[in-house]
Amino acid sequence: MTSDISDFDGAELIKLPVITDPRGDLTFLEGSRHIPFDIARVYYLYNVPVDSERGGHAHKQLKQVIFALSGSFRVRLNNGTRQQDYVLRDPRRGIYVNRLVWRELDLFSQGAVCMVIASHPYDEGDYYRDFEEFLAAAKAAV
Ligand code: TYD
C-alpha cells in the first residue's frame with residue numbers, strides 16, 4: 001500500500017536525523033533546517049480509534065508536515081489531479097503537504113500518535129471541507 005510520493009505534485013517526504021545510542025533513538029527537527037516553513041503550530045492526534053477517519057479537508061494557505069510518532073496510519077492525498085497513498089510508520093519520516101492538497105488519514109494502528117507541524121495558527125476560514133469546492137480551487141490554481 002505504501003507507494004512513492006516523490007513524483008506527486010504537492011507533497012514530499014521529509015527525512016529527519018536520528019541519533020542512536022544504547023539508551024534509545026533521538027530524532028529532532030528545526031524550523032529552518034528540516035521543515036520548509038516557519039513553524040507556527042504543532043498539534044497531535046492520539047487515543048485514535050483504529051477505525052477512525054481523520055482529515056477530509058484541504059487548506060487554502062496552510063502547509064503541514066505529518067509524522068507518525070508511534071504506530072502507523074495511512075495518509076491519502078489528492079492534489080486535484082491525482083490520488084496518492086502513503087503509510088507513515090517511521091517517526092523519522094514525515095510527509096510535507098502543501099496548500100491545496102486534500103488529505104484523509106485512516107487505518108490507524110492501536111496507540112498511533114500523529115504529530116502535525118503547521119505553518120499557521122488554527123483558522124477555520126483556511127479550510128476546504130467540501131471536496132467539490134476544493135477540486136474547483138485546485139483546478140483553478142493549475
Ligand atoms: P479537524 O481539523 O477537523 O481535525 P482532523 O482534520 O484531524 O480530523 O479539527 C477537529 C476540531 O478541532 C475542529 O473543531 C477544529 C479543532 N481544532 C483546533 O481548535 N485547533 C487545531 O489546531 C486543530 C487542528 C483543530
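Read on for a plain summary of the structure. (Residues numbered from 1 in each chain as written. Predicted model: local features only at pLDDT ≥ 70, side-chain atom pairs only at ≥ 80, totals over all residues. Heavy atoms only, no water.)

Structural notes on a nonpolar patch on the surface
On the surface, Ile39, Val42, Tyr44 and Tyr46 cluster together to form a nonpolar patch covering roughly 410 Å² of accessible area. Looking at the secondary structure, you find Ile39 in the loop between helix 1 (31-34) and strand 4 (41-45). (Patch = residues over 30% accessible without salt bridge, like charges linked within 9 Å, V, L, I, M, F, W, Y side chains within 5 Å. Areas by Shrake-Rupley, 256 points an atom, 1.4 Å probe, with all protein chains shown as cover. Salt bridge = Lys/Arg side-chain N within 4 Å of Asp/Glu carboxyl O. Helix = DSSP H or I, 4+ residues; strand = E, 2+ residues; numbered from the N terminus.)

Here's the deal with the site of the ligand
The immediate surroundings of the ligand are formed by Arg41, Tyr43, Leu45, Arg54, Gly55, His57, Tyr122, Tyr127 and Arg129. Between the ligand and the protein, one listed contact pairs an oxygen atom with a side-chain N or O atom of Arg54 at 3.0 Å. For the ligand, an oxygen atom lies 2.8 Å from a polar atom in the side chain of Tyr127. Looking at the shell around the ligand, the elements that each hand over two or more residues are strand 4 and strand 5 (54-59). Among the residues making up the shell around the ligand, the classes are represented as four nonpolar, two polar and three charged. (Near = heavy atom within 4 Å. Polar contact = N/O pair within 3.5 Å; in protein donor to acceptor, adjacent residues only side chain to side chain. Nonpolar A, V, L, I, M, F, W, Y, C, P; charged D, E, K, R; others polar.)

Structural notes on helix 2 (residues 131-141)
Within the sequence span of helix 2, burial applies to Phe134, Leu135, Ala137 and Ala138. All buried residues of helix 2 fall inside an arc of 165 degrees around its axis, so they share one side. Turned more than 90 degrees away from the buried face of helix 2 sit Glu132, Lys139 and Ala140, all of them exposed. (Buried < 20%, exposed > 50% of the residue type's maximum accessible area, 1.4 Å probe, protein only. Arc of directions from axis to C-beta.)

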